[in-house]
Amino acid sequence: MNNVNSEKAVHTVSNVLEELKFETYFVAIKNDSSKNNDFNAVITGDTETVAKLLLSFLNAVPKQVKVQMQQYLREDATAEILRRERDEQ
């Protein structure tokens, strides 16, 4: 969906959820045409409830997705370590 403004889409979905009286939710959309990892998101609710919602979501994520997430986290951590070492020199 190259012609979709993901920021507008996120806020439109958020507005619908608000109208439906949802108090805690998160909406995240990444435009398929984006060449980087940027996405737009809205997270609403008190911090404790949002944290529980996100953990419940992560527990429901398929194993293959969790493996990919761990790979991304390792890559990010490695890049950060290398950046810090480079900055220290």
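Only a predicted model underlies this, so the values are computations on that prediction, with no experimental measurement involved. Each chain carries its own residue numbering, running from 1 in the direction its sequence is written. Local features are withheld for residues below a pLDDT of 70 in this predicted model, meaning they are given only at 70 or higher, and side-chain atom pairs are given and counted only at 80 or more; totals for whole chains, interfaces and linings count all residues. Hydrogens and waters are ignored; side-chain quantities use all the structure's heavy atoms.

Peer 1: Got a minute to help me understand unusual backbone geometry in this structure?
Peer 2: The general pattern is negative phi for most residues beyond glycine and trans for most peptide bonds. Located in the positive-phi region is lysine 21, a residue other than glycine, with phi close to 75°. Accessibility here uses a 1.4 Å probe with only protein chains present; expressed as a share of the type maximum, an area under 20% marks a residue as buried, one over 50% as exposed, and anything in between as partly exposed. By relative accessible area, lysine 21 is classed as exposed at 68%.

Peer 1: I would appreciate a short explanation of the nonpolar core in the present structure.
Peer 2: Within soluble globular proteins, side chains that are nonpolar tend to cluster in buried spots. Only buried residues count toward a nonpolar core. Its members are Ala, Val, Leu, Ile, Met, Phe, Trp, Tyr and Cys residues joined through side-chain atoms within 4.5 Å. Formed by Val10, Leu17, Tyr25, Val27 and Val42, the largest nonpolar core amounts to 5 residues. Each helix is a run of H or I in the DSSP string that is no shorter than four residues. Each strand is a run of E no shorter than two, and both are numbered from the N terminus. At the level of secondary structure, the elements contributing two or more residues to this core comprise α1 (6-19) and β1 (25-29). Residues are treated as being in contact if the distance between any of their heavy atoms lies within 4.5 Å. If we ignore the near neighbours within four places in the chain, the residues touching valine 42 are Val10, His11, Ser14, Tyr25, Phe26 and Val27.

Peer 1: Would you mind going over a nonpolar patch on the surface with me for this structure?
Peer 2: Patch definition: residues with relative accessible area over 30% and no salt bridge; like charges joined within 9 Å; nonpolar side chains (Val, Leu, Ile, Met, Phe, Trp, Tyr) joined within 5 Å. All accessibility values rest on the Shrake-Rupley procedure with a 1.4 Å probe; residue burial counts only the protein chains present in the view. Salt bridge criterion: a side-chain nitrogen from Lys or Arg within 4 Å of a carboxyl oxygen from Asp or Glu. Taken together, the side chains of Leu55, Phe57, Leu58, Val65 and Met69 present a nonpolar region at the surface, about 420 Å² in accessible area. When residues of the nonpolar patch are traced back to their parent elements, those giving at least two are α2 (47-60) and α3 (63-88). If one sorts the elements of the nonpolar patch by residue count, α2 sits on top with 3 residues. Using a relative accessible area of 52% as the deciding quantity, one classes leucine 55 as exposed.

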